[in-house]
Number of protein chains: 4
Amino acid sequence: MKNNGANKIRIGIHGASGYTGSELLRLLARHGGMEVTMLSAERRAGLRLAEVFPHLAAMNAPDLVSIDAFDYDALDAVFCCLPHGTTQEVIAGLPAHLKVVDLSADFRLADPSVYAEWYGQEHRAVDLQREAVYGLTELHRTAIAAARLVANPGCYPTGPQLALVPLLENGQVEGEDIIIDAKSGTSGAGREPKQGTLFSEVGEGVHAYGVAAHRHSPEIDQILSQAASTPVSVTFTPHLIPMNRGILATIYVHLAKGASATDLRATLTKRYYDEPFVHVVSEGVSPETRQVRGSNHCLIGVFADRRPGRAILLTAIDNLLKGASGQALQNMNLMCGLTETTGLEQLPLFP
Amino acid sequence: MKNNGANKIRIGIHGASGYTGSELLRLLARHGGMEVTMLSAERRAGLRLAEVFPHLAAMNAPDLVSIDAFDYDALDAVFCCLPHGTTQEVIAGLPAHLKVVDLSADFRLADPSVYAEWYGQEHRAVDLQREAVYGLTELHRTAIAAARLVANPGCYPTGPQLALVPLLENGQVEGEDIIIDAKSGTSGAGREPKQGTLFSEVGEGVHAYGVAAHRHSPEIDQILSQAASTPVSVTFTPHLIPMNRGILATIYVHLAKGASATDLRATLTKRYYDEPFVHVVSEGVSPETRQVRGSNHCLIGVFADRRPGRAILLTAIDNLLKGASGQALQNMNLMCGLTETTGLEQLPLFP
Amino acid sequence: MKNNGANKIRIGIHGASGYTGSELLRLLARHGGMEVTMLSAERRAGLRLAEVFPHLAAMNAPDLVSIDAFDYDALDAVFCCLPHGTTQEVIAGLPAHLKVVDLSADFRLADPSVYAEWYGQEHRAVDLQREAVYGLTELHRTAIAAARLVANPGCYPTGPQLALVPLLENGQVEGEDIIIDAKSGTSGAGREPKQGTLFSEVGEGVHAYGVAAHRHSPEIDQILSQAASTPVSVTFTPHLIPMNRGILATIYVHLAKGASATDLRATLTKRYYDEPFVHVVSEGVSPETRQVRGSNHCLIGVFADRRPGRAILLTAIDNLLKGASGQALQNMNLMCGLTETTGLEQLPLFP
Amino acid sequence: MKNNGANKIRIGIHGASGYTGSELLRLLARHGGMEVTMLSAERRAGLRLAEVFPHLAAMNAPDLVSIDAFDYDALDAVFCCLPHGTTQEVIAGLPAHLKVVDLSADFRLADPSVYAEWYGQEHRAVDLQREAVYGLTELHRTAIAAARLVANPGCYPTGPQLALVPLLENGQVEGEDIIIDAKSGTSGAGREPKQGTLFSEVGEGVHAYGVAAHRHSPEIDQILSQAASTPVSVTFTPHLIPMNRGILATIYVHLAKGASATDLRATLTKRYYDEPFVHVVSEGVSPETRQVRGSNHCLIGVFADRRPGRAILLTAIDNLLKGASGQALQNMNLMCGLTETTGLEQLPLFP
């Protein structure tokens, strides 16, 4: 499916009333090759977009409808921003001509038994799960370009995978003792009202959650294991930070025999040299989430530890961009034969 | 000076290491008709832009130099982001072929004696002060388009002036008892280290400052007096809010005899109907600064007070965009004969 | 009811799982003359306090029970932290021997018709409403000391009333054109999950709400009218600020003929000279909410406006202390014949 | 030196204009056995305390003087809140009758060569360095009680040491692969104006700093090595969080052969069973810094990792209390023969 001349890719978004939905809309508003054609939001059906997201009032967008009201014949592609669990059945019901990027967790885990273990239910679209391509763009570009269904990566796995996959493939870090300590803003927790994400409960403090039990752990393991060609199991601890956007991951690794932090830096710099969105920062510089806010960028920092044989990697992304909607659009661009960076050109917003 | 074909307007920025400078750079990075050619930053001369603003590392920009190192022959236009007081002499020394938008306060006050009263020194470029056009774009578009030197409005005056000028011109609000209670984020205070803008001194609290004595008061008075064709003096109180960006102004007015809040809404809606950046929000809706963050938008809300004969107006802007660099670029576009919205198309970033 | 020797006042708290409830508990934990005996929390009945408020884990407190499980014979006094509307019936059912401080809005408005107008329902305990004493401690101390039922003031009215009542009583400000622009932290919105108080919806921004329609308006009018001995109706606009605690009120007044800001300062300084919790700050100083955080203090600033005949007053409180639980305890101390400041001695927490 | 009857310990504070100084003052204001007698602040000498810290205006405190103006004969004890480097000479000049708690880093490192390596200069009071007792109260209580000079621990080391020392002493965790990922609020960076701690530079973002090079690393190593009876070197990464107060440390450890996370929990629970300030939280609970804000508490959480043979420990403190001034007062109480908890009884402030 090419974008032929004036014909824009006609886009539908399921679950458009959440933060990933609104972020997609913000990006698509400036995307010359795509046109937002339908928006669903089950409980907000009937509302105008500006009522749900006043910041998008200046955008020319269709009203919100229910999922069932979608006319798929009028669409070329769909972004699915629904909660995990309910997503798989919606996607199973989509006609085959549609390109689909799913932002939920439903198709990220290749092994149905791992899915069942971590999500507490059998997968209800196992064939699709097999078909789905994992959408970490820089690492799976060719497969994504050819895919019909892309499982967009989780917000937490994205940064660490970008940093670790090249190093594991090169055999420069040990797969056995990887620790990922991640710090996230609150938008990753979604727009559903919960006590735990009230301002008064998140402001002026920090805490870990899902310690040793977060569902992004098996997703990280899966990709790192492929890269290492051997089973890798990481320690992963997410923390909630009083900020809206951003994920910083601090990654502690053992160097493989003979490798140095300088080698890691060289590998990553080379790997991402031509990438528009992934940047290895200068030696001694620590990446900050505010330096990627609102952009699809991922910054990677590399430090030798003071203890021999260890290194510290730092990755910074905007969880709603490279950690969700930005990468989703990057993938959809590829799937639709468009320039990968279209709609993602803006620089970070600081301060 | 038209942008002829491939020839881009060559832009210099004095004072590029502050927040208004970096915001201009962010906008210019996506401006097809302008090219950032020279950057000065007196104390950071010699540094690469990425060292001062890592979030702009992906931008292709020249290194920082000292003010004296500018070769004005290689420039078509200059943005001046220097501190007030020092600006007037720099601008007085600029060659006549340059278009200049000054973001300092130096040329905003038309009356030299008012300047001297509020800034504690005589103005050293009185002729230029007379020549300078006040740059509230929507209200002075024609004069701006013809100007060589534009005094970009202060961050606080912008929203209230946009709301009040049409109403005073129409005689719908009294000029005598206007109260402007404004709430600003911290970026308006600049990047110079001061105890008062440390995170620990601003976080988790709110306070007023410059009560009855802020230098934006005479600037507001000047424009409102012109609109009312009679001297207007407002009460203006700025407050510092624990956020990076945004100014909300809550404006209390007396209605002129016979006028209602509905009339005010009608006037403003009509006045700004075709404006790309100024929007009157729906009845009953309260504009929020987060709905304009990162954009050049100004939202205006209109409420009848519960007390007869009074109304409450609310304006929300991003202080670095419509309150500074966004409006500066909007003005420069006009001055250079470019489409006014170029480089300012992006939607707000929320959350 | 005196605190005789070792016998502590036995305290029950209805609605202990909200922020005002937890703040009372924090204060009572260090109150030598009171003992927390029973706690209710309808939907959290059966839980230990530490499960609902981990920060109070070190406190020796009873488990949460349902409202119906209270044995009032074992209590001397009750704090009622229930939502407005449901409170009046609970309090109507309390035995007569109990001292009661109600933190809801149910008994603040003396006129049942005003209550019905603003709360959309008839009052169901009109006799009690008549009996209830309005609990702005510094202004109604004698009546409070003799009361059985005290209606604790709203968070917003407290500061402005403390500033304005002495001035209206003295005839130094006009009652006709008072504007109160208030800025509050999020804890005032309670612990119930709502989209509007999620971190992502409140962080990095500011907005007004309840413009010209907030229920604290008639409460302010009522007390100011008493002070002025003539009907007073104020303009009151609350704003939500990205901080947990604190209310700053910026108050714009017309001076009465012959009065100056200096006179206002003198009146307030004299009136509160011996008060432990209300302080008029030095001339030129602007009070900040962070300077009262965690304390029962109210700071008052007085400024002459640049426009003749007007003044600007600023009040800062912690909405959970002087704006709710602190003042409630201050009142209960009085009602129980204890030293008024007991349990309220701590200084503000900064930063 | 006992507190005999009415005679209060006479306290002096050097460096009273910083955050640790003001926090000491807040605590001492409610300390029945100590009296603040002298305060120094080199650059603020001559000011009243309320001018430097308005939140302490209600406190009866002496004016600020220069260091040289101290009359040590009128003092029994001194808290030293001066910057590291300058502190050692000031303390070397103190008369021998004074009890001293030093909150700087100058006397924390027992080995002068380690000091020289990390602080870039030779120590100028090596004898005192030898005499100084490291003041982690719960672990060195006896020595502290007998000491004349106590080196108060750094803010970062405190939590991790409390968690790790008992486990290393018991041989339940390996000393070889300890990773401490710490997240701190901004007050730890002090009140000196620096670009890096401006609100606009810290708000809405997170970053690591001092990666593999922070000066608290050797301090942690020193105490853990003593506990393990073998050299221990940790990986320590501090991060700056947009909040005023609090440090959360996420600690990754290898279990010793045969040990389980349950064993670690049992050891820590037993060790701190009677401690008033150190609390092991319930299984599955993740401690939050907001649960200790304003208190001297340290919360410890223990989790089994999903990878066998590893555990995750979490510690939460308020950096200005248990991480600085609270622990300093706790130590001084011990040194003066007072009840250790005096002045430190208040519960955390939440939200």
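Predicted model, so just to flag it, every value in this text is computed and none were measured.

Moving on, we get to the overall build of chain A. Broken down by element type, chain A carries 11 helices and 14 strands. Relative to the 2.2 N^0.38 estimate, which gives 20 Å for 351 residues, the radius of gyration of chain A is 20 Å and therefore close to what a compact globule would have. Considering only C-alpha atoms, chain A reaches an extent of 60 × 45 × 40 Å along its principal axes. Of the contacts formed within chain A by residues at least 6 apart in sequence, a portion of 71% connects residues at least 24 apart.

Contact residues are listed per partner, giving 41 residues for chain C and 41 residues for chain B. Elements supplying a minimum of two residues to the side of chain C that touches chain B: strand 8 (179–184), helix 8 (199–202), strand 9 (207–208), strand 10 (235–240), strand 11 (247–254), strand 13 (298–304) and strand 14 (310–317) of chain C. Looking at the side of chain C that touches chain B residue by residue, the class counts come to 17 nonpolar, 14 polar and 10 charged.

Here the focus is the relation of the copies chain A and chain D. Its rotation angle being 180 degrees, the transformation that places chain A on chain D also includes 0.0 Å of axial translation and leaves an RMSD of 0.0 Å. Expressed as a symmetry operation, the mapping of one chain copy onto the other fits a two-fold axis. Of every C-alpha in chain A, the one belonging to Pro242(A) sits nearest the axis of rotation, 3.2 Å from it. Here 100% of the contact residues of chain A are again contact residues in chain D; the copies associate through an equivalent surface.

With that settled, consider the sheet that holds strand 2 (residues 34–40) of chain B. Residues and elements named next belong to chain B. Read from one edge to the other, the open sheet built from 7 strands follows the order 3-2-1-4-5-7-6, with strand pairing classed as parallel. Only two strands of the sheet have a single neighbouring strand rather than two, namely strand 3 (64–65) and strand 6 (133–134). Pairing analysis gives 4 bridges linking strand 1 (residues 9–14) to strand 4 (residues 77–80), with the strands arranged parallel. By the bridge assignment, Gly12 is partnered in strand 4 with Val78.

Time to look at the domain arrangement of chain A. All names here are of chain A. Domain parsing of chain A yields domain 1 (9–153 + 323–335) and domain 2 (156–319). On a C-alpha basis, the centres of domain 1 and domain 2 stand 24 Å from each other. With 18 residues of domain 1 at the contact, the number on the domain 2 side is 21 residues. It is helix 11 (residues 321–335) that provides the largest number of residues to the side of domain 1 that touches domain 2, a total of 5 residues. Considered class by class, the residues forming the side of domain 1 that touches domain 2 number 11 nonpolar, 5 polar and 2 charged.

What follows covers the relation of the copies chain C and chain B. The two copies are related by a screw motion: chain C maps onto chain B through a turn of 180 degrees and a shift of 0.0 Å along the axis, at an RMSD of 0.0 Å. Here 100% of the contact residues of chain C are again contact residues in chain B; the copies associate through an equivalent surface.

Another point: the pairing of strand 8 (residues 179–184) of chain A. Residues and elements named next belong to chain A. The buried fraction of strand 8 amounts to 6 of the 6 residues, a majority that puts the element mostly inside the structure. The two faces of strand 8 match: Ile179, Asp181 and Lys183 on one face and Ile180, Ala182 and Ser184 on the other face are all buried. The sheet contact formed by strand 8 and strand 10 (residues 235–240) spans 6 bridges and is parallel. Bridge pairing in strand 10 links Ile179 to Thr235. Pairing of strand 8 with strand 11 (residues 247–254), which is carried by 6 bridges, proceeds in the antiparallel orientation.

Another aspect to go through is the pairing of strand 5 (residues 99–102) of chain D. All names here are of chain D. Of the two faces of strand 5, the one carrying Lys99 and Val101 and the one carrying Val100 and Asp102 are both buried. Of the pairings in the sheet, the one linking strand 4 (residues 77–80) to strand 5 comprises 4 bridges and is parallel in character. Bridge pairing in strand 5 links Val78 to Val100. Since strand 4 and strand 5 lie parallel, the crossover through helix 3 (residues 87–92) that links them has a hand, and here it is right-handed. With 3 bridges joining them, strand 5 and strand 7 (residues 149–151) adopt parallel strand pairing. Looking at the pairing, Asp102 lines up with Ala151 of strand 7.

What follows is about the sheet that holds strand 3 (residues 64–65) of chain D. Residue and element names in this part refer to chain D. Spatial ordering of the open sheet is given by 3-2-1-4-5-7-6, a layout of 7 strands whose pairing is parallel. A single partner strand is all that each edge strand has here, and the edge strands are strand 3 and strand 6 (133–134). Bridge count for strand 1 (residues 9–14) against strand 2 (residues 34–40) is 6 bridges, and the pairing is parallel. Looking across to strand 2, one finds that Ile11 is bridged to Val36. Sheet strands touched by helix 11 (residues 321–335): strand 4, strand 5 and strand 7. Its angle to strand 5, the strand with the most contacts, is close to 160 degrees.

This brings us to the interface of chain A and chain D. Between chain A and chain D, the residue contacts involve 41 residues of the former and 41 residues of the latter. If you list the elements that add at least two residues to the side of chain A that touches chain D, you get strand 8, helix 8 (199–202), strand 9 (207–208), strand 10, strand 11, strand 13 (298–304) and strand 14 (310–317) of chain A. Partitioning the side of chain A that touches chain D into residue classes produces 17 nonpolar, 14 polar and 10 charged.

A low pLDDT score tells you not to read the predicted coordinates there in detail. All names here are of chain A. Considering every residue of chain A, the mean pLDDT works out to 96; 98% of them sit at 70 or more. Contacts from residues 1–5, a stretch scored under 50 in pLDDT, to residues over four places away or in other chains number 11 contacts. Among the prediction metrics, the complex's ipTM stands at 0.96, with pTM recorded as 0.97.

The next subject is the packing of helix 7 (residues 155–169) of chain A against helix 10 (residues 261–271) of chain A. For any two helices packed against each other, the geometry comes down to the angle between their axes and how far apart the axes lie. Residue and element names in this part refer to chain A. Closest axis-to-axis distance for the helix 7/helix 10 pair is 10 Å, and the angle between their directions is 110 degrees. If you check the angle between helix 7 and helix 10, you find them roughly perpendicular. Crossing hand, helix 7 versus helix 10: right-handed. Judged by residue contacts, Ala163, Pro166 and Leu167 of helix 7 engage Leu264, Thr267, Leu268 and Arg271 from helix 10. Residue classes in the contact of helix 7 with helix 10 are distributed as 5 nonpolar, 1 polar and 1 charged.

Cut-off values and rules
- Residues numbered from 1 in each chain as written.
- Chains lettered and ligands numbered in written order.
- Predicted model: local features only at pLDDT ≥ 70, side-chain atom pairs only at ≥ 80, totals over all residues.
- Helix = DSSP H or I, 4+ residues; strand = E, 2+ residues; numbered from the N terminus.
- Rg over C-alpha atoms; globule rule 2.2 N^0.38 Å.
- Contact = placed C-beta atoms within 7 Å.
- Nonpolar A, V, L, I, M, F, W, Y, C, P; charged D, E, K, R; others polar.
- Least-squares fit on C-alpha atoms with pLDDT ≥ 70 in both.
- Pairing = 2+ DSSP bridges.
- Domains from an automatic or database assignment.
- Buried ≥ 20, exposed ≤ 12 C-beta atoms within 10 Å, placed from the backbone.
- Right-handed = clockwise from strand over helix to strand, strands pointing away.
- Axes fitted to C-alpha atoms, helices over the stretch in contact; angles between N-to-C directions.
- pLDDT = per-residue confidence, 0-100.
- Parallel < 35°, antiparallel > 145°, perpendicular 65-115°, else oblique.
- Left-handed = near helix turned anticlockwise from the far one by under 90°.

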